[in-house]
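So you can see what is in the structure, the chains are spelled out below.
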Amino acid sequence: MITYNSENTPMPKIRRREITSWIRRVAATYGKKTGDIGYLFVNDEKILEVNRQYLGHDYYTDIITFDYSEGDVIQGDIYISVDTVRSNAEERGLPFDEEFHRVIIHGILHLCGINDKGPGEREIMEMAENRALYLLK
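We now turn to the structure provided with this report. (Residues numbered from 1 in each chain as written. Predicted model: local features only at pLDDT ≥ 70, side-chain atom pairs only at ≥ 80, totals over all residues. Heavy atoms only, no water.)

### So, the packing of helix α4 (residues 96-111) against helix α5 (residues 121-136)
Counted only if it meets this: Here, axes are lines fitted to C-alpha atoms. For helices the fit covers the stretch in contact, and angles between N-to-C directions go from 0 to 180 degrees. Every helix listed is a DSSP run of H or I at least four residues long, and every strand listed is a run of E at least two residues long, numbered separately from the N terminus. In this scheme the handedness of a crossing depends on how the near helix is turned from the far one: anticlockwise by less than a right angle means left-handed, clockwise means right-handed. Any two residues whose heavy atoms approach within 4.5 Å are treated as being in contact. Each residue gets one label: Ala, Val, Leu, Ile, Met, Phe, Trp, Tyr, Cys and Pro are nonpolar, Asp, Glu, Lys and Arg are charged, and the others, such as Gly, are polar.
At a closest axis distance of 9 Å, the pairing of α4 and α5 adopts a crossing angle of 115 degrees. The two elements α4 and α5 cross, and the hand of that crossing is right-handed. Here α4 contributes E98, H101, R102, I105, H106, L109 and H110 to the contact with α5, which in turn contributes R122, M125, A128, E129, A132, L133 and L136. For the contact of α4 with α5, a count of residues per class yields seven nonpolar, three polar and four charged.

Right, here's the structure in full:
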């Protein structure tokens, strides 16, 4: 089951059925099934708290993904800072929804095994995000 909740921020407008179906389609392209995936939309202060508490990082970020996947079933908790998504969209000159969808699927791609921290990995993640965003259209 894929769930969408918010804490310390208004719930973003999200077409739950469409986004859930899209997430399942993207996971399937990697040979994965979706298990329990929980999205929690938060503000900057909450994501900073989570980053400090669980990862030992003292900075803001747009997304933190906790991976509980087993085998070909992806599962996890995905925290998304709506504040950072909004500021990143403004900075890049993109509509909020486009950046929001990119971040939503970014977490799923992490659960599917795609990383973005090592050499060349960011480019691979960006290509995967772009392919996934195309499936949403």
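Next, the rest of the story.
### Here we look at the packing of aromatic side chains
Selection criterion: Two aromatic rings, drawn from Phe, Tyr or Trp (for Trp, its six-membered ring), form a pair once their centres lie within 6.5 Å of each other, and the interplanar angle then sorts them: stacked below 30 degrees, edge-to-face above 60, tilted otherwise. Whether a residue is buried, partly exposed or exposed follows from its accessible area with a 1.4 Å probe, protein chains only, as a fraction of its type maximum: under 20%, in between, or over 50%, in that order. Two thresholds decide whether a charge sits over a ring: the Lys NZ or Arg CZ must be within 6 Å of the ring centre and within 35 degrees of the ring normal.
Per the stated rule, a full pass over the model turns up six aromatic pairs. Relative to Y39, the ring of Y4 lies with its centre 5.5 Å away and its plane at 10 degrees, an arrangement referred to as stacked. Highlighted residues: Y4 in strand β1 (residues 2-6) and Y39 in strand β2 (residues 33-42), separated in sequence by 35 residues. Assessed through its relative accessible area of 4%, Y4 is described here as buried. Look at F41 and F100: their rings are 5.3 Å apart centre to centre, the planes differ by 50 degrees, and that puts the pair in the tilted class. Taken together, the positions of F41 in strand β2 and F100 in helix α4 put the pair 59 residues apart, joining distant regions of the chain. Judged by its relative accessible area of 0%, F41 falls in the buried class. Taken together, Y4, Y39, F41, F96 and F100 form an aromatic cluster joined through their ring pairs. Here R86 stacks its cationic end above the ring of F96, 4.9 Å away from the centre of that ring.

### Here we look at the side chain of H106
Under the convention used in this document: Contacts described as polar in this section are N or O atom pairs within 3.5 Å, which, within protein, must combine one atom able to donate a hydrogen with one able to accept it, while residues neighboring in sequence count only if both atoms come from side chains.
Position of H106 relative to the elements: it lies in helix α4. Separated by 3.0 Å, the side chains of H106 and H110 make a polar contact. Side-chain polar atoms of H106 contact the side chain of E129, separated by 2.5 Å. In contact with H106, not counting residues within four places along its chain, are I63, D116, R122, M125 and E129.

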